Structures are given as structure tokens and as C-alpha cells.
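Observations on the model geometry
Here are the chains, one letter per residue:
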Amino acid sequence: MTSLVRKLAFATALVAAPFMAATTASAEGEKYVLVSHAPDSDSWWNTIKNGIALAGEQMGVEVEYRNPPTGDIADMARIIEQATASGPNGIITTLADYDVLSGPIQAAVDSGVDVIIMNTGSPDQARELGALMYVGQPEYDAGYAAGQRAKGDGVTSFLCVNHTIQQPTLAERCQGFADGLGVELGAAMLDSGTDPAEVKNKVLAYLSANPDTDAILTLGPVSADPTILAVEEAGLAGEIYFGTFDLGDEIVKAIKAGTINWGIDQQPFLQAYLPVVILTNYHRYGVLPGNNINSGPGFVTADGLTLVEKFAGEYR
């Protein structure tokens, strides 16, 4: 454990500021590009940047992180095309919208670039496109597990705060949660947008109009952080059942304070770190895991916060 912490601490400096490439050129010359759908404003992806940076350093390969600044999926498709044209050994990419991104990803595979799908998408979609594998959290399954957990805790109705409603994978989290509870999703999914003040106000308005709501589900720090403020302002902190996907500084504080019951940890560090390691070993030695890798879901509660609290927003 001491060795791991030392390695993690060493990598922290690599992402102290935004970067396009965190690199150590290798003797073999391998280069890997990770393309995400995340806008620049979403700090949750700093953990992804840490993961790819540390893997590049440890494996002695060149790595590059690229994303559409505003989160525009069409822009992401162009970035994948540009990454393919640059001739990397491999591309690691999210699959936030299959209809828009499947073409550029398929073109990368057809050109001879090895691809691993991570974070969003599914093992089935990765196989359809000819990717080597999928590393991530099955979103519907994670939502379903969360819904079953909440049902066991007595929840019968909920609000799902969706900050990026145009991404189908986030809606899968809400749908899975509803199915796990055994209720209809219906109007329980709120299109909150990403502006913190707007998210807070929309949550307050919903809770005011629906006072019998048992629970709130948020889908990441972008929606969770302002929802925490809304719950506190409404006097419901510790009173309303509150679960969230993903972790972050404010989420960890809220779990510790009893405002949030649990956070679903999909281990984004592993989603970036493992594909670089897997691709490097595949290209150097021809070895490849025989299965896709589920990095989550795992439930983080107040009982297991020691390392999570220490590394939240960096490696957790």
C-alpha cells in the first residue's frame, strides 16, 4: 500500500494544470490517445487524466487526452477522426452516443488502429465496432443495483437529476434505478442542465411541487454538488434519501455528514489506467485479457471513506 500511495503522489503533479498530452516517449514509440465526451468544465474527469498520465509514465509510452471543450458530441466525433489520422497505436474512447460516434470509431478500427471503449457504451457495442474490449461500468446495471438497494431501504418514489440528458447512458442510470425500485420512471427524470444555480433551483422547485418524494438520485458531481445545496436549503439534509453516481470532494463531505447515503464508485482511475496498460502489453507481447472489465459499480458509504476521502477527485 505504501508503494501505491507513493506512485499516486508522484502522478499528482502531472495533472495540476489542464494538458493535452502527458508523455514519456518510449523506445518502441507507442502512442495512445484517450478521447472523452466531457466538457472542460467537468472536474470529475481529472481522475481520468491522472489515470492515463500514471499509466503512460509507468509503461514508458506517449499518451494524450483529448475532449470537446463544450462536450459537443459532433465535435468529439471529429476529434476521433483527427486522432485516427495522426496514426496512434491505439485509441481509448468513450461511447456516449452510439449513433454519432460509431462511424468514426469503426473507421479507426478499419484503418488498423486498436480501440478500447471505456466509461460509456457497452461490451456489446464494443464488440459490434470491432474494439478489443470494454472497460467501464454497465450503467443500467449500476442504476438497477442502486434501485434495489434503495427499495430495500424503503424508498418508493424518487427524483433523478440528469445534468446531460442528451447522453443516453445517463438516462440508463435513471431507468435502471426506477426498474430496481419497481416503479415507472415517467416524469421523475429532471432535465437539470449543467449550470449549478439552475440545477439547484430546478431541484428545489421539483421538491416543492412533489413533497412526497422519498429519494433523490444524482448522476455525478455536476448535478450532485448543487443538489446538496438544494437539499440543505430545503431543510431536508439527512431527512431525504440521497444517492449519487460517482465521487468528488463535495460528495465525500456530504456522505461524511450524512446528507448523502451512498455514492456509486465506477473507479474512473481504472477506466483510464487499465486500457493504456492493456494496449501496451498487447502491442509488445501479444497478450490480451479474455473478457471485458467491469470497473464498477461499488457503493461507498460513510463506513469506508478513509482512502476515498484522501484521494477523491484525484484517484477515486
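The structure presented is a predicted model; accordingly, all values stated were derived computationally and were not measured. (Residues numbered from 1 in each chain as written. Predicted model: local features only at pLDDT ≥ 70, side-chain atom pairs only at ≥ 80, totals over all residues. Heavy atoms only, no water.)

Another point: the overall build of the chain. Secondary structure assignment for the chain yields 12 helices and 13 strands. Against the 2.2 N^0.38 benchmark of 20 Å for 316 residues, the chain shows a C-alpha radius of gyration of 19 Å, consistent with a compact globule. Taken along its principal axes, the extent of the C-alpha atoms in the chain is 60 × 45 × 35 Å. For the chain, buried positions account for 52% of its 316 residues. The long-range fraction of contacts in the chain, counting pairs at least 24 apart against all pairs at least 6 apart in sequence, stands at 73%. Counting only carbon and sulfur atoms, one obtains 49% of the accessible surface of the chain, whose full area is about 13,000 Å². Placing the 17 positive and 38 negative side-chain charges of the chain at their respective mean positions leaves the two points 7 Å apart. (Helix = DSSP H or I, 4+ residues; strand = E, 2+ residues; numbered from the N terminus. Rg over C-alpha atoms; globule rule 2.2 N^0.38 Å. Buried < 20%, exposed > 50% of the residue type's maximum accessible area, 1.4 Å probe, protein only. Contact = heavy atoms within 4.5 Å. Areas by Shrake-Rupley, 256 points an atom, 1.4 Å probe, with all protein chains shown as cover. Lys, Arg positive; Asp, Glu negative; His and termini not counted. Charge placed at Lys NZ, Arg CZ, Asp CG, Glu CD.)

Turning our eyes to something else, we now look at helix α2 (residues 46–59). Taking 1.5 Å as the rise per residue, α2 with 14 residues should run 20 Å; its terminal C-alpha atoms sit 20 Å apart, in good agreement. When you tally the buried positions in α2, you get 11 out of 14 residues, the bulk of the element. Among all positions in α2, only T47, I48, K49, N50, G51, I52, A53, L54, A55, G56 and M59 are buried. Directly beyond the C-terminal end of α2, a positive phi value near 70° is found at G60. (Expected span 1.5 Å × (residues − 1).)

To continue, consider the environment of D265. Structurally, D265 can be placed in strand β11 (residues 262–265). Residue class for D265 comes out buried when judged on its relative accessible area of 5%. Residues D265 and F299, 34 residues apart in the sequence, show an inter-C-alpha distance of 6.1 Å. Each residue touching D265, except ones within four places of it in the same chain, is listed here: Q137, L247, S295, G296, P297, G298, V300 and R316. Here the side chain of D265 touches Q267 through a polar contact of 2.9 Å, landing on its backbone nitrogen. (Polar contact = N/O pair within 3.5 Å; in protein donor to acceptor, adjacent residues only side chain to side chain.)

Now for the pattern of salt bridges. For side chains of opposite charge, pairing can occur when their charged atoms come near one another. Applying the stated criterion to the full structure yields 9 salt bridges. When the shortest N-O distance is used, the salt bridge between E64 and K31 registers 3.4 Å. With E64 in strand β3 (residues 62–66) and K31 in strand β2 (residues 31–35), this pair connects stretches of sequence that are 33 residues apart. Both residues of the pair, E64 and K31, belong to the buried class. A salt bridge links K253 to E250; its shortest N-O distance comes to 3.4 Å. In this pair, K253 and E250 both sit in helix α10 (residues 249–257), 3 residues apart, roughly one turn of the helix. (Salt bridge = Lys/Arg side-chain N within 4 Å of Asp/Glu carboxyl O.)

With mixed pairing, 6 strands are arranged side by side in an open sheet as β8-β7-β9-β10-β11-β13. A strand with exactly one partner marks an edge of an open sheet, and here the two such strands are β8 (189–191) and β13 (298–300). Taking the axes of each pair of neighbouring strands and ignoring which way they run, one obtains an average angle of 25° across the sheet. Looking at chain direction, strand β10 (residues 241–245) and β11 are connected through 3 bridges and run parallel. Residue pairing in the sheet places F245 in a bridge with I264 of β11. (Pairing = 2+ DSSP bridges. Axes fitted to C-alpha atoms, helices over the stretch in contact; angles between N-to-C directions.)

Summed over all chains, the structure comprises 1 disulfide. The disulfide partner of C160 is C174, and the gap between their sulfur atoms is 2.0 Å. Its torsion about the S-S bond being -60°, the disulfide of C160 and C174 is classed as left-handed. Linking C160 in strand β7 (residues 158–162) with C174 in helix α7 (residues 168–181), this pair joins segments that are 14 residues apart in sequence. The pair C160 / C174 is uniform in exposure class, with both members buried. (Disulfide = S-S within 2.5 Å.)

Summed over the entire model, instances satisfying the criterion amount to 8 aromatic pairs. Their ring planes at 15° and their centres at 5.4 Å tell us that F269 and Y273 sit as a pair that is stacked. Taken together, the positions of F269 and Y273, both in helix α11 (residues 268–285) and 4 residues apart, correspond to about one turn of that helix. By the burial criterion, F269 is buried, and Y273 matches it. When the centroid spacing of 5.7 Å and the interplanar angle of 75° are considered together, the rings of F311 and Y315 count as edge-to-face. (Phe/Tyr/Trp six-rings, centres within 6.5 Å; stacked < 30°, edge-to-face > 60°.)

Turning to the confidence of the model for the chain, a few remarks are in order. When pLDDT is averaged across the chain, the result is 90; 91% of the residues are at 70 or more. Contacts for the low-pLDDT stretch residues 1–27, under 50 throughout, to residues beyond four places or in other chains number 38 contacts. (pLDDT = per-residue confidence, 0-100.)

F158, F177 and V203 are the most contacted members of the largest nonpolar core, which totals 45 residues. The residues touching F158, leaving out its near neighbours within four places in the chain, are C174, F177, A178, L181, V183, L185, A188, Y206, T213 and A215. Core analysis: the second largest hydrophobic core is formed by 27 residues, V63, V276, V277 and I278 among them. (Core = buried A, V, L, I, M, F, W, Y, C linked by side-chain atoms within 4.5 Å.)

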